Number of protein chains: 2
Amino acid sequence: MAKTARTYSNRTLQAIRVLATQIQLARKQHRWTEAELAERAGASRSTIRMIEDGNPATGLGLYFEVATLLGISLYDADSQKLTDIQHTLDLKLALLPSRIDKHRGEVFDDF
Amino acid sequence: MAKTARTYSNRTLQAIRVLATQIQLARKQHRWTEAELAERAGASRSTIRMIEDGNPATGLGLYFEVATLLGISLYDADSQKLTDIQHTLDLKLALLPSRIDKHRGEVFDDF
DNA sequence: CCTTAATGTATTTTTTAAAAGTCATAATCA
DNA sequence: TGATTATGACTTTTAAAAAATACATTAAGG
């Protein structure tokens, strides 16, 4: 009996499918073949196919790289905005203790 | 001599880093340890570590699954909105030819 | 039509992700 | 300060991604 493969929540699968479809749509709008996109991305056509099929196990970097090549803006943000977002996240992170200690009091989910 | 590893654009690396940081921040806000998040995600701590380090080769599904567990909304959209987006994308896709033919005329990048 | 090539599907091989585990370090709290 | 344990860093193993390849199908254009 084969070990059951990893499962993903519907929410995750849905989000992946959106990204995959965005990519396929953008590729066709650019009038690039799968092989052409593969070459530009430095990947194989097999991989492009996995991506457009929405394979969850395919690397995040490959998805993002392909999306970027096609001009799809991740986070609906340009590079400058992303820098700002990163900065804000880093600041918030710096305000939190470097470790989580389970001993300490209750969870304070104020967000 | 080791074959040079895959490279990623700065734009891609930047976007990955943002997601990775969002995840680490959210984990700490939830007061979950790496091990705890790993267990909830059905993954190993090694993998959680790769994710929070922003490893580009780690699977998209793992990133999204962990993000979802932590309440991070992908695409700044709830499930209903994602369904709408998917529908719109499918419609646009249906309007395009099922194949790209390089013979045909110029690219018409009207987007 | 007829030809061409883009895509769907599948298989095999190679590379590498992910798991599993160990150990040192040091942050946190009693 | 002392005990606890979360985290950082590494190694080894194993499961699977990604590449490479082949072939059938069929959309698209001449």
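In what follows, the accompanying structure is described. (Residues numbered from 1 in each chain as written. Chains lettered and ligands numbered in written order. Predicted model: local features only at pLDDT ≥ 70, side-chain atom pairs only at ≥ 80, totals over all residues.)

Attention now moves to the protein's contact with DNA strand D. Taken together, 25 residues sit near DNA strand D, with A:T47, A:A57, A:T58, A:G59 and B:P97 positioned nearest. Counting residues per element, the ones that place at least two in the surface near DNA strand D are α3 (45-53) of chain A together with α2 (34-41) of chain B. Counting residues per element, the surface near DNA strand D draws most heavily on α3(A), which supplies four residues. (Near = placed C-beta within 6 Å. Helix = DSSP H or I, 4+ residues; strand = E, 2+ residues; numbered from the N terminus.)

Turning to the packing of helix α1 (residues 10-29) of chain B against helix α3 (residues 45-53) of chain B, a few remarks are in order. All names here are of chain B. With their axes 7 Å apart at the nearest point, α1 and α3 run at an angle of 125° to one another. Considered as vectors, α1 and α3 are oriented oblique to each other. The segment α1 lies against α3, with A20, I23 and Q24 engaging I51, E52 and D53. (Axes fitted to C-alpha atoms, helices over the stretch in contact; angles between N-to-C directions. Parallel < 35°, antiparallel > 145°, perpendicular 65-115°, else oblique. Contact = placed C-beta atoms within 7 Å.)

Our focus in this paragraph is the relation of the copies chain A and chain B. In the superposition of chain A on chain B (RMSD 0.1 Å, axial shift 0.0 Å), the rotation amounts to 180°. In symmetry terms, the pair is related by a two-fold rotation axis. Most of the interface of chain A is mirrored in chain B: 100% of its interface residues are interface residues there too. (Least-squares fit on C-alpha atoms with pLDDT ≥ 70 in both.)

For helix α4 (residues 60-69) of chain A, a buried count of nine out of ten residues is recorded, marking the element as mostly surrounded by other parts of the structure. As for α4(A), its buried residues are in contact with α1 (10-30), α2 (34-41) and α3 of chain A together with α1 and α4 (60-69) of chain B. (Buried ≥ 20, exposed ≤ 12 C-beta atoms within 10 Å, placed from the backbone.)

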